[in-house]
Amino acid sequence: MRVLPPAARGYILCAVLAAAACVTPALTDSGTPWAAVALLAVLYLGCELVKVCPLLGSRVPEGIGSFFPVVLAAVFLLPPAAAALVALPGGCAGTVAERPARVRRVWHGAQQAMAAWAAGRAYGLLRGPDSLGGGPSAGSGPPGWVADFPYAMLPAAAAAVVFCLVLTALDGGILATAERRPAATAWRGLLTLSLVPHCVHGLAGLMMAVMWRSPYGLPAALLVLLPMYISCWVFAQYHRERSAHRATIRALVQAVDIKDRYTRGHSERVGQASAMIARELGMADDRMEVVRIAGILHDVGKLGVPTRLLRKDGPLTPAERRIIELHPEYGHEMVRGIGFLGEARSAILHHHERVDGSGYPYGLTGEQIPVLARVVAVADAFDAMTSTRSYSRARPVPVALAELDRCAGAQFDPAMVRALTGAIGRHGWHPVVTSDEDLQVISGNAPAGVAGTGVPGIWPSVPPGQIPEPAAPAPPADRVRAAPGAADRNGGALPERARTTRSAARTALRALPAQDAPPAGADRPGSDAPATGGRPGRGADGAGAGG
């Protein structure tokens, strides 16, 4: 308890006292159905303990949460105080991930006991026990007995909602006292995330209670729990896999940020802008998530670019630029084996292609460029122009959108530019990630000394070295090969320009000092930078009008 603030200790103590008041009537009432209480309490305790005990050689996935159908069945079958007593053992035995573990277990037990008692009171006020065929005893009903449907669902739904409300209210209180969150935000989102799952658990608890009271008795009631528990297990497995996917993406992005400190936060902002474009285009939610991931990982190929080039303070030589320009293909090679990325891989490979065919790595034109790559190209360029870095000052959002529009049809897909302009016009541009090295300019006029027009790599009015461009990694020159489908998209043969670039990059890589050579297994970097002219060698975060 010493690690908790005084307010949190007092809050938890009050919760424990309130829970004790809730269960005391059951302990002193001679009419308490102890057999049913013990059976349901042991059943709920077993459902909680199975998550931490080996089961068939494995463990239940983390995040499965408490198995509330048993508690809600107790709410429907027993008096409120007895239902609170059922919740105590399982609540105290639940898994906790952080310290102090004992205090957290006591808190969970008290919290669930109070929620069960309140739900039982609401259920009784709506004559819920009568809808199940009598008083609160746990015995089977008479032969031919039928529950009062559909009315029985009303008090059950009300009890489940009250159960959820009490849990979320207490959760918000502990967040405000223990973590010192502002009262205005402590409860935000808790109810919306938990209401539907609790209602589903309430439906399963009602089914269990109805079967318990039916002529089939306890065995039928227990059969209700099996498919419900399996579905919860599968759902938790799914969420664990999603968490692993997010952790994989986060690790890749952090690796890029560590290596290229000048573009820190760029990947997340490109993902955010890509999702805005996808939403404006009316893409389905699942595809919009793929677009967002593609934007986040578009520069993962930087991991194969020699660090010396990414952090170079002076202009890049033509040979160094050719090495940088190999990064889309290297990024594609890096994520080729990550199955859940799906269509995002093509966006990583082709986000430097231009609709007029002057892009790289394969010189695709127009509709040959994958849709997701066209989305990411616009988002990448927009963030490059609106980001302040040590070698390039930010442009205001209106100026950046005007430059994107000017380059639409040559470098960018006009539909994607219109979508970004429309999305920002409606919602504004509020980047979720910034850093000291990468400050966002949301609105206002261009800062003094910043060129007013031009898109990186194609604005004649912008001096070399003023526009950032995204950089990417390089696969080993001796293993460079066309990406799957590249030859087919280009008439059965790789464009001559791509073959020439590969040969030049091979030569440049051999000329690098040994300590700067890409790691074994690298396949090539790339950048959308012009073939001549200098710019700080941090990478290409917006070649052309963007990287």
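Everything below is about the structure printed above this text.
The rules behind each value
- Residues numbered from 1 in each chain as written.
- Predicted model: local features only at pLDDT ≥ 70, side-chain atom pairs only at ≥ 80, totals over all residues.
- Heavy atoms only, no water.
- Helix = DSSP H or I, 4+ residues; strand = E, 2+ residues; numbered from the N terminus.
- Buried < 20%, exposed > 50% of the residue type's maximum accessible area, 1.4 Å probe, protein only.
- Contact = heavy atoms within 4.5 Å.
- Areas by Shrake-Rupley, 256 points an atom, 1.4 Å probe, with all protein chains shown as cover.
- Phe/Tyr/Trp six-rings, centres within 6.5 Å; stacked < 30°, edge-to-face > 60°.
- Axes fitted to C-alpha atoms, helices over the stretch in contact; angles between N-to-C directions.
- Parallel < 35°, antiparallel > 145°, perpendicular 65-115°, else oblique.
- Left-handed = near helix turned anticlockwise from the far one by under 90°.
- Polar contact = N/O pair within 3.5 Å; in protein donor to acceptor, adjacent residues only side chain to side chain.
- Expected span 1.5 Å × (residues − 1).
- Bend = angle between axes of the 7 residues up to and from the residue.
- Patch = residues over 30% accessible without salt bridge, like charges linked within 9 Å, V, L, I, M, F, W, Y side chains within 5 Å.
- Salt bridge = Lys/Arg side-chain N within 4 Å of Asp/Glu carboxyl O.

**Quick look at the overall build of the chain**
Line of reasoning, step 1. In terms of regular secondary structure, the chain is built from 21 helices and four strands.
Line of reasoning, step 2. A total of 547 residues make up the chain; the buried ones form 51% of that total.
Line of reasoning, step 3. The long-range fraction of contacts in the chain, counting pairs at least 24 apart against all pairs at least 6 apart in sequence, stands at 78%.
Line of reasoning, step 4. Total accessible area on the chain is roughly 23,500 Å²; 62% of this is exposed by carbon and sulfur atoms.

**Details of unusual backbone geometry**
Line of reasoning, step 1. Residue Tyr 360 is joined to Pro 361 through a cis peptide bond whose omega torsion reads 10°.
Line of reasoning, step 2. Inspection of the secondary structure assignment puts Pro 361 in the loop between helix H16 (344-350) and helix H17 (371-385).
Line of reasoning, step 3. With a phi angle near 55°, Arg 127 is a residue other than glycine that sits in the positive phi range.
Line of reasoning, step 4. In this structure, Arg 127 sits in the loop between helix H5 (101-125) and helix H6 (128-131).
Line of reasoning, step 5. The exposure class assigned to Arg 127 is partly exposed, which follows from its relative accessible area of 49%.

**Considerations on the packing of aromatic side chains**
Line of reasoning, step 1. Taken as a whole and assessed by the stated rule, the structure comprises four aromatic pairs.
Line of reasoning, step 2. Ring centres of Tyr 11 and Trp 107 lie 5.6 Å apart, and the angle between their planes is 40°; on these two criteria the pair is classed as tilted. Residue Tyr 11 is located in helix H1 (residues 6-28), and its partner Trp 107 is located in helix H5; the two are separated by 96 residues in the primary sequence.
Line of reasoning, step 3. An angle of 75° between the planes, with centres 5.1 Å apart, marks the rings of Phe 68 and Phe 163 as edge-to-face. Taken together, the residues span a long stretch of sequence, with Phe 68 in the loop between helix H2 (34-49) and helix H3 (69-77) and Phe 163 in helix H7 (residues 153-178) at a distance of 95 residues. Neither residue differs from the other here; Phe 68 and Phe 163 are each classed as buried.

**Details of the packing of H3 against helix H9 (residues 190-213)**
Line of reasoning, step 1. Running from amino to carboxyl end, H3 crosses H9 at an angle of 55°, the nearest separation of the two axes being 7 Å. Of the possible angle classes, the one that applies to H3 and H9 is oblique. Pair H3 / H9 crosses with right-handed handedness. Contacts between H3 and H9 involve Pro 69, Leu 72, Ala 73, Phe 76 and Leu 77 from the former and His 198, His 201, Gly 202, Ala 204, Gly 205, Leu 206, Met 208, Ala 209, Trp 212 and Arg 213 from the latter.

**Considering the environment of Thr 386**
Line of reasoning, step 1. Checked against the element boundaries, Thr 386 lands in the loop between H17 and strand E2 (387-388).
Line of reasoning, step 2. Spatially, the C-alpha atoms of Thr 386 and Pro 396 are 6.1 Å apart, while their sequence positions differ by 10 residues.
Line of reasoning, step 3. Within the structure, the side chain of Thr 386 is placed 2.9 Å from the backbone oxygen of Phe 382, a separation counted as a polar contact.

**Concerning the side chain of Glu 353**
Line of reasoning, step 1. The residue Glu 353 is located in the loop between H16 and H17 in this model.
Line of reasoning, step 2. Residue Glu 353 is classed as buried on the basis of its relative accessible area of 4%.
Line of reasoning, step 3. Side-chain polar atoms of Glu 353 contact the backbone nitrogen of Leu 364, separated by 3.0 Å.
Line of reasoning, step 4. Non-local contacts of Glu 353, meaning those with residues more than four positions away in its chain, are made with Gly 359, Tyr 360, Pro 361, Tyr 362, Gly 363, Leu 364, Ile 369 and Gln 411.

**So, helix H11 (residues 266-280)**
Line of reasoning, step 1. Under the 1.5 Å per step criterion, the end-to-end length of H11 is 21 Å for 15 residues, consistent within 8% with the ideal 21 Å.
Line of reasoning, step 2. Of all the 15 residues making up H11, 12 are buried; the element is thus mostly covered by neighbouring parts of the structure.
Line of reasoning, step 3. The set of residues buried in H11 consists of His 266, Ser 267, Arg 269, Val 270, Gly 271, Gln 272, Ala 273, Ser 274, Ala 275, Met 276, Ile 277 and Ala 278.
Line of reasoning, step 4. After H11 finishes, the residue Gly 282 shows a positive phi value of roughly 80°.

**Remarks on helix H4 (residues 80-93)**
Line of reasoning, step 1. Counted at 1.5 Å a residue, the expected span for H4 with its 14 residues is 20 Å, and the 21 Å between its end C-alpha atoms agrees.
Line of reasoning, step 2. At Ala 87, H4 is bent by approximately 25°, the largest bend along its length, and proline Pro 89 sits one to four residues beyond.
Line of reasoning, step 3. Extensive coverage of H4 is indicated by the burial of 11 of its 14 residues.
Line of reasoning, step 4. Within the span of H4, buried status applies to Pro 80, Ala 81, Ala 82, Ala 83, Ala 84, Leu 85, Val 86, Ala 87, Gly 90, Gly 91 and Ala 93.

**Let's talk about a nonpolar patch on the surface**
Line of reasoning, step 1. Residues Phe 149, Met 153, Leu 203 and Met 207 make up a contiguous nonpolar surface patch of about 380 Å² in total accessible area.
Line of reasoning, step 2. Mapped onto the fold, Leu 203 is located in helix H9.

In short, shape yes, function no, at least from these values alone.
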